[in-house]
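Analysis of the macromolecular model
Letter by letter, the chains look like this.
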Amino acid sequence: MTLHTDLASGRWHTMTLAEQLANAGADVGRAIRAKATGNPARFDAALDRALELLDLTMADPRWAGPRLREIARTREVVCDFLVGDNEYGSTAKTLERYFMGFAIASRRDR
């Protein structure tokens, strides 16, 4: 099921990498907050949206090579923290800081 139909239909590929990751990061932040407050419905919805946006970013042909590897690793770390065993030792703060850099960069690009 596609949650972001307008983005999946091509609009996502018109955004910069910073804009794409900032948007995905917003949903990662929502998932983190929902998990912390014990709201499983909001958590599941936010996680699904975040993963879909990261998948759309990985499918963008502009990010082949090292960028694609970083995006894939980012997805892996997000999943590890939110639903895995947190083998990478991530924290909510480190994830939010990582994505905040993209949010700031996307605003600067405008």
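Described below are features of the structure shown in this document.

Reading guide: rules and limits
- Residues numbered from 1 in each chain as written.
- Predicted model: local features only at pLDDT ≥ 70, side-chain atom pairs only at ≥ 80, totals over all residues.
- Heavy atoms only, no water.
- Helix = DSSP H or I, 4+ residues; strand = E, 2+ residues; numbered from the N terminus.
- Rg over C-alpha atoms; globule rule 2.2 N^0.38 Å.
- Contact = heavy atoms within 4.5 Å.
- Areas by Shrake-Rupley, 256 points an atom, 1.4 Å probe, with all protein chains shown as cover.
- Axes fitted to C-alpha atoms, helices over the stretch in contact; angles between N-to-C directions.
- Parallel < 35°, antiparallel > 145°, perpendicular 65-115°, else oblique.
- Left-handed = near helix turned anticlockwise from the far one by under 90°.
- Phe/Tyr/Trp six-rings, centres within 6.5 Å; stacked < 30°, edge-to-face > 60°.
- Buried < 20%, exposed > 50% of the residue type's maximum accessible area, 1.4 Å probe, protein only.
- Lys NZ or Arg CZ within 6 Å of the ring centre and 35° of its normal.

As for the overall build of the chain
Each helix and strand in the chain was counted, giving 5 helices and 0 strands. In the chain, the succession of helices and strands from N to C terminus is α-α-α-α-α. Rg of the C-alpha trace for the chain: 13 Å, near the compact-globule value of 13 Å for 110 residues, within the 12% margin. For the chain, the share of sequence-separated contacts (at least 6 apart) that also reach a separation of at least 24 residues comes to 63%. In the structure as shown, the chain presents an accessible area of about 6,500 Å², 54% of it carried by carbon and sulfur atoms.

Digging into the packing of helix α3 (residues 40–59) against helix α4 (residues 66–83)
Contact geometry for α3 and α4: axes closest at 9 Å, N-to-C directions at 165 degrees. Taken as axis vectors, α3 and α4 run roughly antiparallel relative to one another. Every pair of crossing elements has a handedness; the one defined by α3 and α4 is left-handed. The residues of α4 that touch α3, namely those facing F43, L47, L51, L54, D55, T57 and M58, are L68, I71, A72, R75, C79, L82 and V83.

With respect to the packing of aromatic side chains
Under the definition given, this model contains 2 aromatic pairs. Ring plane angle 70 degrees and centroid distance 5.2 Å describe the contact between Y98 and F102, whose orientation is recorded as edge-to-face. Taken together, the residues Y98 and F102, both in helix α5 (residues 92–108) and 4 residues apart, mark about one turn of the helix. In this structure F102 comes out as buried when scored by relative accessible area, which is 18%. One aromatic cluster in this structure is built from Y98, F99 and F102. Here K35 stacks its cationic end above the ring of F81, 5.9 Å away from the centre of that ring.

Geometric values such as these leave the question of function open.
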